[in-house]
Amino acid sequence: MAERDHLEPGEQSPALARRFDEMLAEDDRIEPRDWMPDAYRATLIRQIAQHAHSEIIGMQPEANWITRAPSLRRKAILMAKVQDEAGHGLYLYGAAETLGVDRRDLLELLNTRKQRYSSIFNYPTTSWADVGAIGWLVDGAAITNQVPLCRCSYGPYARAMVRICKEESFHQRQGFDLLLTLSKGTAEQHAMAQDAVNRWWWPSLMMFGPPDDQSPNSAQSMAWGIKRFSNDELRQKFVDMTVPQADVLGLSLPDPELTLDGQTGHYRFGPIDWDEFARVLKGGGPCNEQRIAHRVKAHDEGEWVRQAAAAHAAKHAPVRALKPATEAVA
Amino acid sequence: MNEIVEPPPPQKLAGPPPPQRLAGPPLWEVFIRGRRGLSHVHAGSLHAPDAEMALRNARDVYTRRGEGVSIWVVPSVAICASSPDEKDPFFAPAADKVYRHPTFYTLPEEVRQM
Ligand SMILES: [Fe+2]
Ligand SMILES: [Fe+2]
């Protein structure tokens, strides 16, 4: 509880360091007030913050279609999904705060482009079918990444991930359902679904990060129990899961080299354009500017709400303090 | 018994925010009763300017799928916590009293149920 309490970063003690290593070795969870190495804390803060940023920036490409959803049912589903993503952001900012940072500082780092979010959200949603492709592929890739994080060594992060994973399965299914409906619809609708999958397939594979031999921090994250599988392992898992689903959808994946390797039982896929990944990550994607500008605008336009809520709280605080407890709660 | 670990250094808790900056909305711990008959369980935390907003935010953040029938919100600063080290001597008195558990006692065969 009181998860904000923590030892000051930088405090050292060989016995505590030994305890930390023992707990990792026993696959025990590290909790907020436990001693932890500074680098472990810093890595978690960065990873959880960037994860949280991805959740809230990820609301934008889909929210783009809320007003134009083709039916009330689809609109309600999409609103629920986008609201979930806001919730995911909040769980994760909460988990990051247990490490001794302030959510406001993290949002400032996002707004000033000093911290990143998943580069997938820098691609535009140009048709309604993109909502389906995002649910199926982007949320699908996110689930593949996130399920092992439910066993992450840091307790609050792992608990947030359990909650998130439960909600993500609806996200993926509604996307699949949407694409299936389009795929089985008119020729025009089918083409729209195929076009969306063509555009989202490769960026989804990039979501797992650079190949293992170019991912210098992975080994340390594995040793700390933050990461349980390598980028390439997770990517392969996702491809193996997704290819048969594309068949059910009656849609093809835009990779002529995609073949089932009878020996390994895994699908082999073509080369990923890592130059594109680097370019989009550095800010050169189609929507980088737009996403941050929108985020900053929403933050600034919400300032009066925060001020009003604080003023209201201040005005009513003395009254509340005098009110006696009316029931024994436990 | 585990080896005796060196006691942790005195806890330094997160101090108040630096004076030049306005404090943000306070942190609340959220406890949710999943259904009648169960106790409230810690679900997570959130920021809100007052208790009323904290309850509303807790409903939106933690009970979007009927996860709760009752919510408590408690200012995080109001919670006193024991030492983070679960192997701390604080819990030691419970560790060596095996006779507190029913399995400590072997019953004669004839006793079928107890
Ligand atoms: Fe999410
Ligand atoms: Fe999602």
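A brief structural summary.

The rules behind the values
- Residues numbered from 1 in each chain as written.
- Chains lettered and ligands numbered in written order.
- Predicted model: local features only at pLDDT ≥ 70, side-chain atom pairs only at ≥ 80, totals over all residues.
- Heavy atoms only, no water.
- Helix = DSSP H or I, 4+ residues; strand = E, 2+ residues; numbered from the N terminus.
- Rg over C-alpha atoms; globule rule 2.2 N^0.38 Å.
- Buried < 20%, exposed > 50% of the residue type's maximum accessible area, 1.4 Å probe, protein only.
- Contact = heavy atoms within 4.5 Å.
- Areas by Shrake-Rupley, 256 points an atom, 1.4 Å probe, with all protein chains shown as cover.
- Lys, Arg positive; Asp, Glu negative; His and termini not counted.
- Charge placed at Lys NZ, Arg CZ, Asp CG, Glu CD.
- Axes fitted to C-alpha atoms, helices over the stretch in contact; angles between N-to-C directions.
- Left-handed = near helix turned anticlockwise from the far one by under 90°.
- Nonpolar A, V, L, I, M, F, W, Y, C, P; charged D, E, K, R; others polar.
- Donors = N, O, S within 2.8 Å, 3.2 Å for Na, K, Ca; no water.
- Core = buried A, V, L, I, M, F, W, Y, C linked by side-chain atoms within 4.5 Å.
- Tetrahedral: all angles 85-135°; square planar, octahedral: opposite > 155°, others 65-115°.
- Pairing = 2+ DSSP bridges.
- Parallel < 35°, antiparallel > 145°, perpendicular 65-115°, else oblique.

### A few points about the overall build of chain A
Moving on, step 1. A tally of regular secondary structure across chain A gives 13 helices and two strands.
Moving on, step 2. Taken over the C-alpha trace, chain A has a radius of gyration of 22 Å; the compact-globule value for 330 residues is 20 Å, and the two agree within 12%.
Moving on, step 3. Counting the 330 residues in chain A, one finds 52% classified as buried.
Moving on, step 4. Expressed as a percentage of contacts within chain A between residues at least 6 apart in sequence, the contacts between residues at least 24 apart total 78%.
Moving on, step 5. Carbon and sulfur atoms provide 58% of the accessible area of chain A, an area that totals close to 15700 Å².
Moving on, step 6. Looking at chain A, you have 38 positive and 44 negative side-chain charges, and the mean spots of the two groups are 5 Å apart.

### Looking at the overall build of chain B
Moving on, step 1. Scanning chain B from terminus to terminus reveals two helices and three strands.
Moving on, step 2. Helices and strands in chain B line up, N terminus first, as β-β-α-β-α.
Moving on, step 3. The proportion of buried residues among the 114 residues of chain B is 23%.
Moving on, step 4. Look at the contacts in chain B between residues 6 or more apart in sequence, and 44% of them connect residues 24 or more apart.

### Topic: the packing of helix α6 (residues 129–146) of chain A against helix α7 (residues 155–183) of chain A
Residues and elements named next belong to chain A.
Moving on, step 1. At a minimum axis separation of 7 Å, α6 and α7 run at an interaxial angle of 145°. Of the two elements, α6 crosses α7, and the hand of that crossing is left-handed.
Moving on, step 2. Counted by class, the contact of α6 with α7 contains 12 nonpolar, nine polar and two charged residues.

### Topic: the coordination of the iron ion (ligand 2)
Each angle at a metal carrying four tetrahedral donors should ideally be 109.5 degrees, and each at a metal carrying six octahedral donors should ideally be 90 or 180 degrees.
Residue and element names in this part refer to chain A.
Moving on, step 1. Distances from the iron ion (ligand 2) to its protein donors, namely E85 (OE), D139 (OD), E168 (OE), E168 (OE) and H171 (ND1), fall within the range 2.0 to 2.8 Å.
Moving on, step 2. Each donor residue of the iron ion (ligand 2) belongs to the same chain, and together they define the spacing E-x53-D-x28-E-x2-H.
Moving on, step 3. Between the iron ion (ligand 2) and the iron ion (ligand 1), a spacing of 3.3 Å is present, and a bridge between the two is formed by E85. Placement of D139 in helix α6 and of H171 in helix α7 is noted, with a sequence separation of 32 residues between them. In terms of burial, D139 and H171 fall into one category: buried.

### What about the nonpolar core?
Moving on, step 1. Core analysis: the biggest nonpolar cluster contains 93 residues, and A:Y40, A:I48, A:Y154, A:Y157 and A:W200 have the highest contact counts within it.
Moving on, step 2. No other element matches α6(A), which puts nine residues into this core.

### Observations concerning the coordination of the iron ion (ligand 1)
All names here are of chain A.
Moving on, step 1. For the iron ion (ligand 1), the protein coordination sphere consists of E55 (OE), E85 (OE), H88 (ND1) and E168 (OE), at 2.1 to 2.2 Å.
Moving on, step 2. Every donor counted, the four donor atoms about the iron ion (ligand 1) form angles of 83 to 153° at the centre, which fits irregular coordination.
Moving on, step 3. Mapping the donors of the iron ion (ligand 1) onto the primary sequence yields the spacing E-x29-E-x2-H-x79-E.
Moving on, step 4. For E55, a relative accessible area of 6% puts it in the buried group.
Moving on, step 5. Residue classification places H88 among the buried residues on the basis of a relative accessible area of 0%.

### Digging into the environment of B:I32
All names here are of chain B.
Moving on, step 1. Mapped onto the secondary structure, I32 falls in strand β1 (residues 27–33).
Moving on, step 2. Residue I32 is classed as buried on the basis of its relative accessible area, which comes to 8%.
Moving on, step 3. As a C-alpha pair, I32 and H42 span 10 residues in sequence and 6.4 Å in three-dimensional space.
Moving on, step 4. Excluding its chain neighbours within four sequence positions, the residues that come into contact with I32 are S39, H40, V41, A43, Y62, T63, E67, G68, S70 and I71.

### Re the sheet that holds strand β2 (residues 40–47) of chain B
Residues and elements named next belong to chain B.
Moving on, step 1. Strands sit in the order β2-β1-β3 across an open sheet of three strands; the sheet is antiparallel. The outermost strands of the open sheet, each flanked by one partner alone, are β2 and β3 (70–75). Across the sheet, the mean angle from the axis of one strand to that of its neighbour is 25°, orientation sign disregarded.
Moving on, step 2. As paired elements, β1 and β2 share seven bridges and run antiparallel to each other. From the neighbouring strand, F31 faces β2, where its bridge partner is H42.

### Focus on unusual backbone geometry
All names here are of chain A.
Moving on, step 1. With phi around 60°, D27 is a residue other than glycine that occupies positive phi space.
Moving on, step 2. The topology assignment puts D27 in the loop between α1 (14–25) and α2 (38–57).
Moving on, step 3. Here R113, not a glycine, exhibits a phi torsion of approximately 60°, which is positive.
Moving on, step 4. Considering the arrangement of structural elements, one finds R113 in the loop between α5 (103–111) and α6.
Moving on, step 5. For R113, a relative accessible area of 48% puts it in the partly exposed group.

### Describing the packing of α2(A) against α5(A)
All names here are of chain A.
Moving on, step 1. For the pair α2 and α5, the least separation of the axes is 11 Å and the interaxial angle reads 65°. Taken together, α2 and α5 sit at an angle that is classed as roughly perpendicular. Taken as a pair, α2 and α5 cross one another with a handedness that is right-handed. When α2 is examined against α5, the residues I45, A49, H53, I56 and I57 are found in contact with a partner set consisting of L106, L107 and L110.
Moving on, step 2. A breakdown of the residues in the contact of α2 with α5 according to their chemical character gives seven nonpolar, one polar and no charged.

None of the figures reported here should be taken as evidence of function without further support.
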